[in-house]
Structures are given as structure tokens and as C-alpha cells.
Amino acid sequence: MESFMNFINDANLVPTITDWAINIILALFIYLVGKWVARRVMNVCKKLLVKADMDPTLVNFLSNVVFAVLLVAVILAALDTVGIPVTSLMAIVGAAGLAVGLALKDSLGNFAAGVMLVLFRPFKAGDFVEVAGVAGSVQSIRIFSTVLTTPDNKEIIIPNSQISADTITNYSANDTRRVDLTFGVSYDDDLKVAREVLTRICSEHPLILKDPATNIFVLNLGDNSIDFAVRPWVNSSDYWTVYGDLLEQGKNELEKAGCSIPYPQRDMHVHVSTPLTEVLKK
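Residues numbered from 1 in each chain as written. Predicted model: local features only at pLDDT ≥ 70, side-chain atom pairs only at ≥ 80, totals over all residues. Heavy atoms only, no water.

Moving on: the overall build of the protein. Looking only at helices and strands, the protein features 9 helices and 10 strands. Relative to its 282 residues, the protein shows a buried fraction of 27%. Intrachain contacts of the protein at a sequence separation of at least 6 include 62% that bridge at least 24 residues. For the protein, the accessible area works out to roughly 18800 Å², and carbon and sulfur atoms hold 61% of it. (Helix = DSSP H or I, 4+ residues; strand = E, 2+ residues; numbered from the N terminus. Buried < 20%, exposed > 50% of the residue type's maximum accessible area, 1.4 Å probe, protein only. Contact = heavy atoms within 4.5 Å. Areas by Shrake-Rupley, 256 points an atom, 1.4 Å probe, with all protein chains shown as cover.)

Bringing a nonpolar patch on the surface into the picture now. A grouping of Leu26, Phe29, Val33, Trp36, Val37, Val41 and Leu70 is seen on the molecular surface, where their side chains present a nonpolar patch of about 610 Å² in accessible area. Ranked by the residues each element gives to the nonpolar patch, the list is headed by helix α2 (residues 13–51), at 6 residues. Structurally, the position occupied by Val37 is in helix α2. Exposure remark for Val37: the relative accessible area of 38% places this residue in the partly exposed category. (Patch = residues over 30% accessible without salt bridge, like charges linked within 9 Å, V, L, I, M, F, W, Y side chains within 5 Å. Salt bridge = Lys/Arg side-chain N within 4 Å of Asp/Glu carboxyl O.)

As a further point, take the side chain of Arg177. Structurally, Arg177 is set in strand β6 (residues 176–178). We note that Arg177 is buried and unpaired, the nearest opposite charge coming from Asp180 at a distance of 8.2 Å. Apart from residues lying up to four places away in sequence, Arg177 is in contact with Tyr171, Pro232, Trp233, Val234, Ser236 and Tyr239. (Lys, Arg positive; Asp, Glu negative; His and termini not counted.)

Cis rather than trans, the peptide bond between Asp211 and Pro212 has omega equal to 5 degrees. In the Ramachandran plot, Asn153 falls in the positive-phi region, its phi being about 70 degrees despite a non-glycine side chain. Within the secondary structure, Asn153 sits in the loop between β3 (145–149) and β4 (155–159).

With that out of the way, let us pick up the pattern of salt bridges. With the rule as written, the count across this model stands at 8 salt bridges. One salt bridge in this structure joins Asp152 and Lys154, with 3.7 Å as the shortest N-O distance. What makes Lys154 partly exposed here is its relative accessible area of 47%. Of the charged contacts, one joins Glu253 and Arg200 as a salt bridge, the two residues approaching to 3.1 Å between their closest N and O atoms. A residue pair is termed long-range when its members are at least 10 positions apart, and Glu253 in helix α8 (residues 239–256) and Arg200 in helix α7 (residues 191–204) qualify at 53 residues. Through salt bridges with shared partners, one network takes in Arg200, Glu204, Glu253 and Lys256.

The subject of this paragraph is the packing of aromatic side chains. If you walk through the whole model with that rule in mind, you get 4 aromatic pairs. Arranged with centres 5.8 Å apart and planes meeting at 50 degrees, the rings of Phe128 and Tyr171 form a pair that is tilted. With Phe128 in strand β1 (residues 128–131) and Tyr171 in the loop between β5 (168–170) and β6, this residue pair connects regions lying 43 residues apart in the sequence. Classification of Phe128 as partly exposed rests on a relative accessible area of 25%. (Phe/Tyr/Trp six-rings, centres within 6.5 Å; stacked < 30°, edge-to-face > 60°.)

What follows concerns the pairing of strand β7 (residues 181–185). Of all 5 residues that make up β7, 4 are buried, and the element is covered over most of its length. Across 5 bridges, β7 lies against strand β9 (residues 226–231) in antiparallel orientation. Looking at β9, one finds that Thr182 is bridged to Ala229. (Pairing = 2+ DSSP bridges.)

Core analysis: the biggest nonpolar cluster contains 20 residues, and Val185, Leu198, Cys202, Val230, Leu246 and Leu254 have the highest contact counts within it. If you list the elements that add at least two residues to this core, you get β7, α7, β9 and α8. With 5 residues, the single largest contributor to this core is α7. Apart from residues no more than four positions distant in its own chain, Leu246 is found in contact with Leu181, Phe183, Ile201, Cys202, His205, Ile208 and Pro232. Within the second largest apolar cluster, 10 residues are counted, among which are Val118, Phe123, Val129 and Ile141. (Core = buried A, V, L, I, M, F, W, Y, C linked by side-chain atoms within 4.5 Å.)

Spatial relationships are all this shows, so hold off on functional conclusions.
And the structure:
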């Protein structure tokens, strides 16, 4: 035992062991305190984002990103205290991150698009939208995809990158919408009567708004009919109810008033070079 202690003293290992122990304790202290500070910063960021009325999905995502970045910085500082070469470690992590990024580029594209959708909020849960050629109600906006429910109750999952790269039509963005309908009447009908009928059914419908006023005008002199444009305003939730009601009532009331709903017609003219009497003789 005495010879072992003499060896340690002769090799000056006591200061080295003491320094290592101090560095390890200091590294643990830096990690524990740094982790506590990172969590506190994350909670503060989360409260600020909630106060800014941001989407809950984005709040959780951004706060977790802040915590992860701070925690990585704390771990690197602790490793540097122990004496591990942080520069080489960061180069290895960077190369690995590049390889993973190339392998998951499609997923990362969906991820980035999901962040943009949550951040700028072109639509929210419950809105009726048309995106990437699909129309439906938004059920949820996830980090990688958005879930829609179609009117016939099918669930459609669309990658966020497809949504951000295409046109987004949000039918629920505004409180009111205009219903665009066209009614055709015959050229022999009285246009004044037709206009009065269309004006009456719009004014009597309980779901049609008074302001903005309904606009009714002759839209087109077609091949087979004179077309009236009927443009009432409704609450967005009443759009399809009013649309169906006006189509049915418009047809019935126009016919009651003596107007006809025309359909395509063609006049055929037969030209015969030989007189009909000669043809009959043959």
C-alpha cells in the first residue's frame, strides 16, 4: 500500500485526479442548472405565445424547439468543461444531421409547410375549405399533414406541402357569402313579370340578408333563353340551404306566372332537289 501511494505521488497523479473530479462535478452542475434554466425559459416562451393568441399546436412546437436548442447548448458547455473536444463532436453531429435531412427531405418539407400553415393560419379547425383539389371541413392541422372531413363523411389526410403549394379556398373565412344563380326564360316571356317573380321569392326568403341587397339583372341573351342573374347574400352557414330553395322556388313560381323554362331547340330545314310529286310517282 505504501509503495502504491509513493507511485501516485511520484507520478503526480493526485493533482490530475483532483482536476478531473472537479471538472466532472462542474460539468454536472452546469448541466443541472442549465437544464433548469432552459425549462424556465421554455415555460416563459409558452406563456408569451399563449398570450399572443397563437395556435396551441404552434405554441407546443415552438416551446419544445426552444428547450431543445438550449439543452443542446448546455450539454456542449458541460462536455467542454470535462475536456471533450466539442468542435469535432459538432462536426460529426452536423454531418449526421445532413444525412438525415437528405433522407427525410419530403417529411421535412411537410414539416416546414405545417409550421407555415399554423403560423399564418389561412384556415383553422372547423372551416370548410378546398385544398389540393379536395373540399371538406378541417378537423385538425398537424405538423406533417392536415385532416379534412368531406361532406359525405370521408376522412382525407393531405400532406402539408401539397396544401402550401396549391391554391387555398376558405369558404368559411367570411361571415357572409353571395349565392350566384342563373334562371333562363323564353324570348316570348314578359321580362318584367320574370323579374318581379325572382325579386319576390328572394325578398320573402327568411335566410336571405337585406344588406347587402339582392341584385337581379339580365345576364345574357342566349341561343335558347334570356338569362337572369340572381345574386342574394346569405350567412355562410346558410349558403346551400338558400341555393337549393331558390332553384326549386324559382322554377315553380316562374311557371305559375306564365313564364317557361326553355331548353335547347333546333329547327331542321330539309331541301329536296326533286319535287315531292315526282318522288311519290316513283
